[in-house]
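Here is how the chains run, residue by residue.
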Amino acid sequence: MITVEQRAEFRTHFRYNVGRRLVIDKIVKGIVFACVVMAIIPLGSILLEVFTNGSAALSIEFLTQIPGAIGTGEGGISPAIQGTLLLIGMSSLIGVPIGILSGIFLSEFGDNRYGKAIRFFNDVLAEFPTIVIGIFAFLVIVLVFGNFSLWAGTFALSIIMLPIITRTTEESLKLVPVTYREAGFALGIKRWAVITRIIIASAKSGMITGIMLAVARIAGETAPLIFTILGSSQFFSGFDGPMDALPLRIWRISMLPYDSAQAQGWGAALVLILIVLSINIGVRYVFLRKSGGAFRFRSVRRRL
Amino acid sequence: METITKAPNAVNLIENKKYKLVAEDIVASYDNVIAVKNVTMKFKEKAVTALIGPSGCGKTTFLRCLNRMHELSKNAKISGRVLLDGEDLYSNHQDPIINRRKIGMVFQKPNPFPTMSIYDNVAAGLKLNGLRNKTILDEIVKGCLEMVYLWDEVKDNLKKPGMSLSGGQQQRLCIARALAIQPEVLLMDEPASSLDPIATQKIEEMMNELKKEYTIIIVTHNMQQAMRVSDYTGFMYLGELIEFGETKQIFENPLKEITAKYVQGQFG
Ligand SMILES: Nc1ncnc2c1ncn2[C@@H]1O[C@H](COP(=O)(O)OP(=O)(O)O)[C@@H](O)[C@H]1O
Ligand SMILES: [Mg+2]
């Protein structure tokens, strides 16, 4: 038994400790805050730099014209915008459904040897250098069909998307409490309906974040595109021909020794950022509007 | 909807006729650790049977064996028979899903589907099983919410999320959800354990209504509740069914000493 004296001693000890803890608490909070600032400074300065340098290049001509003669500062990046939008759209059409289905497989049926093996290879694929994926697409599509093409680029970018979406889908589904699953099964609802109508509905926000991460990732990929779509200064003329894309254009023109080209490079970078940002906001708006995931402020405002 | 065509075993039919549900020699385990030991129990039609016993004695596990939910747990094993109207759920070659539509379940913690409205929660079992007829759905939703005395509280807010209700309302919503698929047996696992006395009373009143139509099996920690709502009571201890009989007899005149100790609150 603890004696009354010991108890009293404990108390003073605790009081002393609380004081020290408050100090430690303040220090840790300070460190955490400093880390946040340190993380935000580079992010903020990149955005600021792109916006200030890039907005100067923006004009109707810049957004709608094909590139002009090198060094003249004329023309625009329209084919690159077109190519990036096409690549994002086509890669998502392939990568998103396959990624989501694999994620569902791993989370719902992957508790065995096959699941473990697939999970392992998926993680390896996620960490693969993307240039290697580009070379792979070059070997199996470009060399086989004999030309650089949008198909090859789509192929490479969907492979890059896949592991990201698979992993985030699996993790989001696993986060849904088992009680909802059981409630569904107890109502005699078939497994597939429980997964698609109950579990996925609860995991939607996380899954969409994963898809958006993957979209942002492929929107900025450059290396695999060098080996697949090559680059071009003309508008889209077919899925089996070379094409331009924003990261490729940025990479090309910003290496040129002309001030006008550099300015256009900044402009293209700004356009790329704006595209990714608007896709992200648009998709969240469309899919998460009702469940209140990303747009909760709407309902709050309505209540006010 | 699928119907049973197989003829039930003749001997069992005679023996178990007056019983809606019969559990025979149920042994259930997790990771090869036995949680329910050879429990045999018979449940009368249109009566409330209470399962009591200290926590960890296997009440929930046993209940989950009755609608084939136990086998969904990881590394869970089960043997024995569960006869619904004389037919074994475990060997009638029917999808467990069909059996679960006949035996509804209410869980200990209210668990309305988080992304669904009040209406959709009640309608979920029917909608997700393919029923589309809006008139029928409306009628069933209203009827089930009335049965759990929730209709008047929510009738103007059917579109609101199920999660926006209070704990007691959520639990009644879950009972309505279980009733909507028109089961014949209702399993309730400590349905009132996290509720305040008023919500508890509402659920008890509701059970008295429900038993006119359903066979109800309720797990409870609350002796008074068992006495108030049940016709029969089973006392479980360390995975075994120690004593089973009419509620009055179990509480006033138990045959086993350990039952007497438990119902008098000497341990638990
Ligand atoms: N999912 C599970 N995995 C492993 N063991 C479990 C699981 N659920 C329950 N058990 C064990 O089974 C025994 C019976 O538990 P349970 O049926 O929940 O008891 P009760 O409902 O009577 O409190 C306990 O010893 C518990 O530890
Ligand atoms: Mg329990």
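Values in this document were obtained by computation on a predicted structure and should not be read as measured data. (Residues numbered from 1 in each chain as written. Chains lettered and ligands numbered in written order. Predicted model: local features only at pLDDT ≥ 70, side-chain atom pairs only at ≥ 80, totals over all residues.)

Structural notes on the sheet that holds strand β2 (residues 33-44) of chain B
Residues and elements named next belong to chain B.
Next, step 1: If you walk across this open sheet you meet the four strands as β2-β1-β4-β5, and the pairing is antiparallel. Strand pairing shows two members of the sheet lacking a second neighbour, β2 and β5 (87-88), which therefore form its edges.
Next, step 2: Bridge count for strand β4 (residues 76-84) against β5 is two bridges, and the pairing is antiparallel. Along β5, the bridge assignment pairs leucine 83 with aspartate 88. (Pairing = 2+ DSSP bridges. Helix = DSSP H or I, 4+ residues; strand = E, 2+ residues; numbered from the N terminus.)

Describing the sheet that holds strand β3 (residues 48-52) of chain B
Residues and elements named next belong to chain B.
Next, step 1: A sheet is described by the order of its strands in space; here six strands give the open sequence β6-β7-β8-β3-β9-β10, paired in mixed fashion. Two strands in the sheet have a free side with no partner beyond their single neighbour: β6 (103-106) and β10 (240-246). Put simply, the sheet's adjacent strands are angled 15° from each other on average, direction ignored. (Axes fitted to C-alpha atoms, helices over the stretch in contact; angles between N-to-C directions.)

Observations regarding the site of ligand 1
Next, step 1: Contacts to ligand 1 come from B:Tyr30, B:Ala35, B:Gly53, B:Ser55, B:Gly56, B:Cys57, B:Gly58, B:Lys59, B:Thr60, B:Thr61 and B:Ser73.
Next, step 2: Per element, the largest residue contribution to the shell around ligand 1 is three residues, and it comes from helix α2 (residues 59-66) of chain B. (Near = placed C-beta within 6 Å.)

Some words on the packing of helix α5 (residues 130-145) of chain A against helix α6 (residues 150-175) of chain A
For any two helices packed against each other, the geometry is given by the interaxial angle and the distance between the axes.
Residue and element names in this part refer to chain A.
Next, step 1: At a closest axis distance of 9 Å, the pairing of α5 and α6 adopts a crossing angle of 140°. Classified by the angle their axes make, α5 and α6 are oblique. The chirality of how α5 crosses α6 is right-handed. Where α5 abuts α6, its residues Thr130, Ile133, Gly134, Ala137, Ile141 and Val142 lie against Trp151, Ala152, Phe155, Ala156, Ile159 and Ile160.
Next, step 2: Of the residues assigned to the contact of α5 with α6, the class counts are ten nonpolar, two polar and no charged. (Parallel < 35°, antiparallel > 145°, perpendicular 65-115°, else oblique. Left-handed = near helix turned anticlockwise from the far one by under 90°. Contact = placed C-beta atoms within 7 Å. Nonpolar A, V, L, I, M, F, W, Y, C, P; charged D, E, K, R; others polar.)

Some points on the pairing of β4(B)
Next, step 1: Of the strand pairs in this sheet, strand β1 (residues 19-30) of chain B and β4(B) are connected by eight bridges, and their pairing is antiparallel. What sits directly across from B:Ala28, in β4(B), is B:Ile78.

Comments concerning the pairing of β10(B)
Residues and elements named next belong to chain B.
Next, step 1: Note: strand β9 (residues 232-237) against β10, six bridges, orientation antiparallel. Looking at β10, one finds that glycine 234 is bridged to phenylalanine 244.
Next, step 2: The antiparallel hairpin formed by β9 and β10 contains two residues in its connecting segment, where leucine 238 sits at a positive phi of about 50°.

What about the confidence of the model for chain A?
Next, step 1: Taken residue by residue, chain A gives an average pLDDT of 91. The fraction at 70 or more is 94%.
Next, step 2: Low confidence marks residues 292-304 of chain A, where pLDDT is under 50. Its contacts with residues over four positions away, or in another chain, come to eight contacts. (pLDDT = per-residue confidence, 0-100.)

A look at the interface of chain A and chain B
Next, step 1: Taken together, the 16 residues of chain A in the interface contact 20 residues of chain B.
Next, step 2: Sorting elements by how many residues they give to the side of chain A that touches chain B places helix α7 (residues 178-186) of chain A first, with six residues.
Next, step 3: Split by residue class, the side of chain A that touches chain B holds nine nonpolar, four polar and three charged.

A few points about the packing of helix α3 (residues 78-109) of chain A against helix α8 (residues 191-219) of chain A
All names here are of chain A.
Next, step 1: Interhelical geometry of α3 versus α8 gives an angle of 140° and a closest axis separation of 10 Å. When the interaxial angle is binned, α3 and α8 end up oblique. Where α3 crosses over α8, the handedness of that crossing is right-handed. Where α3 abuts α8, its residues Thr84, Ile88, Ser91, Ser92, Gly95, Val96, Ile100, Ile104 and Glu108 lie against Ile195, Met207, Ile211, Ala214, Val215, Ile218 and Ala219.
Next, step 2: Its residues placed into classes, the contact of α3 with α8 shows eleven nonpolar, four polar and one charged.

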